[in-house]
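# Observations on chain architecture
One-letter residues, chain by chain:
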Amino acid sequence: MSTTVDTPPYPLRAFDVEVFRIKDVGPHFRRITFSGAVLERFGVPGPTRDLRIKLLIPAAGQPLAPLGGPDGQLYPGWYQDWLKTEQPGRGFIRSYTVGAIRATAQGREIDVDFVIHRVAEGHGAPASEWAAAAEVGTGAVIIGPEASAITSATRLSETGIRWEPQGASQVLLAGDETAVPAINSILETLPANVGGHAFLEVQDPADFRTISTGSSVRVTWLARQPTDSPRGGLLDAAIRKAVPKAGSSTAPVRDTYAWVAAEAATVKILRRYLVNEAGLDPKRSEFRGYWSLGKAGSGVNGTPVGQEPQVLQS
Ligand SMILES: Cc1cc2nc3c(=O)[nH]c(=O)nc-3n(C[C@H](O)[C@H](O)[C@H](O)COP(=O)(O)OP(=O)(O)OC[C@H]3O[C@@H](n4cnc5c(N)ncnc54)[C@H](O)[C@@H]3O)c2cc1C
């Protein structure tokens, strides 16, 4: 007698979308709204929180090689297969956060807030450059969750969500500009019984925005200007002040759920302080390097700038 083993559906797929609207929402943020009939299939159950998507960016003037099966469905190991694709068809992948999903009479829309950053001459930054040059109607490929493939057995992290406070009533959020969209979305969904603090460090006070939250989390914006202090320095100082070392007379932070995302070196420094000195439980917390200074690629494992394949600089 033979038995069949059901493979669970894979929760990610590639969505062909196009740029529907472009709005600068601060001197360093460009909001790009994507639309497309296929977005009817995009989504997670419940709020998006810090939902991560990946953007597939073509090398300048080159078509992208098709990704995934017919209809864009993906499978375990798709990323390794993508890495094996020859340039220029491979293009580049960078991670972004879903700022908002809206249903409109014309169909569904997704907002993504891109930090527009400049890099030293001679080196590229494909995602920032793509966003800076995008026009309404420009096509794009987004890798994200396929709503119908998500079941009760799917772990949240498989869909791209890392915010899992496990019922904590005290939270600590900290991030640089790349984490502003995620912190904004998380705070929007927090209930009234949740308290704590959120710290956001950006370059320019003109990038501060109003965040609405039903929670009692206190939001503090920090700007590196006009002192032009080093990246992460203001976050570090603010957190040391708000979260004292273990053993002091203030309430312990062991039961606080912390969510920290920023440039990788900043995250390392904040994690070391919060876990080793303030006594935060690392198992109840999420620390994520969203980018690495001097490295190309999202996250902590980028390629040192200058060592990328030639096509990066085209
Ligand atoms: C889960 C996740 C969610 C993210 N969400 C967002 C988001 O919503 N919005 C957003 O803007 N970013 C977000 N990021 C960060 C984004 O993926 C990185 O900043 C990415 O490196 C940008 O790609 P790029 O092609 O522009 O530059 P790269 O080619 O990756 O890097 C080129 C050079 O630019 C530098 N660099 C990269 N990013 C920055 C930056 N922000 N400021 C200054 N220098 C930089 C690098 O150190 C490198 O020297 C997210 C990252 C992760 C992992």
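Overall, the coordinates contain 15 salt bridges when judged by the stated rule. Across the pair Arg30 and Asp24 runs a salt bridge whose closest N-O atoms are separated by 2.8 Å. Residue Asp111 pairs with Arg102 through a salt bridge whose shortest N-O separation is 2.9 Å. Residues participating in the shared-partner salt-bridge network are Arg21, Arg102, Glu109 and Asp111.

So, about the site of the ligand. Of all residues adjacent to the ligand, which total 29 residues, the nearest are Ser95, Val115, Ser292, Gly297 and Ser298. One of the backbone nitrogen or oxygen atoms of Asp113 is found 2.9 Å away from a nitrogen atom of the ligand. Ser298 places a side-chain nitrogen or oxygen 2.5 Å from an oxygen atom of the ligand. The protein chains hide 94% of the 910 Å² of surface that the ligand would expose on its own. Those elements giving two or more residues to the shell around the ligand turn out to be strand E4 (92–97), strand E6 (107–115), helix H2 (126–133), strand E12 (286–291) and strand E13 (295–296). With 4 residues, the top contributor of residues to the shell around the ligand is E4. Broken down by class, the residue content of the shell around the ligand amounts to 13 nonpolar, 11 polar and 5 charged. When residues of the shell around the ligand are sorted by domain, at least three fall in each of domain 1 (12–149) and domain 2 (162–304).

Let us now look at the domain arrangement of the chain. Often, the extent of an interface is quoted as the loss of accessible area upon association of its parts. One can read the domain layout of the chain as domain 1 (12–149) and domain 2 (162–304). Summarising the inter-unit geometry, the C-alpha centres of domain 1 and domain 2 are found 25 Å apart. Opposite the 16 residues of domain 1 that make contact, domain 2 presents 20 residues. A buried area of about 1,500 Å², summed over both sides, lies between domain 1 and domain 2, and 55% of it is on carbon and sulfur atoms. It is Phe29, Arg49 and Asp50 that lose the most area in domain 1 upon contact with domain 2, and together they represent 38% of the buried surface on that side. The interface formed by domain 1 and domain 2 includes 1 salt bridge. Close ionic contact of Arg209 with Asp113 constitutes a salt bridge, the shortest N to O distance being 3.0 Å. Put simply, domain 1 and domain 2 have 7 residue pairs in polar contact (both at pLDDT 80 or more) between them. Residue composition of the side of domain 1 that touches domain 2, by class: 6 nonpolar, 5 polar and 5 charged.

On to the environment of Ile116, then. Tracing the sequence through the fold places Ile116 in the loop between E6 and H2. When the C-alpha atoms of Ile116 and Thr178 are compared, they prove to be 9.9 Å apart, with 62 residues separating the residues in sequence. Those residues in contact with Ile116 that sit more than four places away from it in its chain are His28, Arg30, Ser128, Ala131 and Ala132.

A separate point is the confidence of the model for the chain. For residues with low pLDDT, the predicted coordinates do not support detailed interpretation. Taken as a whole, the chain shows an average pLDDT of 91; of its residues, 92% reach a score of 70 or greater. The model gives residues 309–314 a pLDDT under 50, and that stretch makes 13 contacts with residues more than four places away or in other chains.

The next point concerns the sheet that holds strand E5 (residues 100–104). On the basis of which strands lie adjacent, the open sheet formed by 7 strands has the order E4-E3-E7-E1-E2-E6-E5 and antiparallel pairing. In the strand order of this sheet, the two ends are held by E4 and E5, each with one partner. Neighbour-to-neighbour, the strand axes of this sheet turn through a mean angle of 35 degrees, independent of strand direction. Bridge analysis of strand E3 (residues 52–57) against strand E7 (residues 139–145) gives 3 bridges, and the strand direction is antiparallel. Bridge pairing links Leu55 to Ile142 in E7.

Here we come to the packing of helix H5 (residues 233–242) against helix H6 (residues 264–277). Put simply, H5 and H6 touch, their axes get as near as 10 Å, and they point 15 degrees apart. When the axis of H5 is compared with that of H6, the two are roughly parallel. H6 is crossed by H5, and the crossing has right-handed handedness. Residues Leu235, Asp236, Ile239 and Arg240 of H5 lie in contact with H6, whose contacting residues are Thr266, Ile269, Leu270, Tyr273, Leu274 and Glu277. A breakdown of the residues in the contact of H5 with H6 according to their chemical character gives 6 nonpolar, 1 polar and 3 charged.

This paragraph deals with the sheet that holds E12. The sheet built from 5 strands is open, its strands ordered E10-E9-E8-E11-E12 with parallel pairing. Two strands bound the open sheet, and with one partner strand each, they are strand E10 (216–223) and E12. Taking the axes of each pair of neighbouring strands and ignoring which way they run, one obtains an average angle of 10 degrees across the sheet. Where helix H4 (residues 180–189) meets the sheet, it contacts strand E8 (170–175), strand E9 (195–202), E10, strand E11 (257–263) and E12, and its direction lies at approximately 155 degrees from that of E9. On top of the sheet, H5 reaches E8, E9 and E10; it is set at about 160 degrees to E9, its chief contact.

Procedures and definitions
- Residues numbered from 1 in each chain as written.
- Predicted model: local features only at pLDDT ≥ 70, side-chain atom pairs only at ≥ 80, totals over all residues.
- Heavy atoms only, no water.
- Salt bridge = Lys/Arg side-chain N within 4 Å of Asp/Glu carboxyl O.
- Near = heavy atom within 4 Å.
- Polar contact = N/O pair within 3.5 Å; in protein donor to acceptor, adjacent residues only side chain to side chain.
- Areas by Shrake-Rupley, 256 points an atom, 1.4 Å probe, with all protein chains shown as cover.
- Helix = DSSP H or I, 4+ residues; strand = E, 2+ residues; numbered from the N terminus.
- Nonpolar A, V, L, I, M, F, W, Y, C, P; charged D, E, K, R; others polar.
- Domains from an automatic or database assignment.
- Contact = heavy atoms within 4.5 Å.
- Buried area = accessible area lost by both parts, 1.4 Å probe.
- pLDDT = per-residue confidence, 0-100.
- Pairing = 2+ DSSP bridges.
- Axes fitted to C-alpha atoms, helices over the stretch in contact; angles between N-to-C directions.
- Parallel < 35°, antiparallel > 145°, perpendicular 65-115°, else oblique.
- Left-handed = near helix turned anticlockwise from the far one by under 90°.

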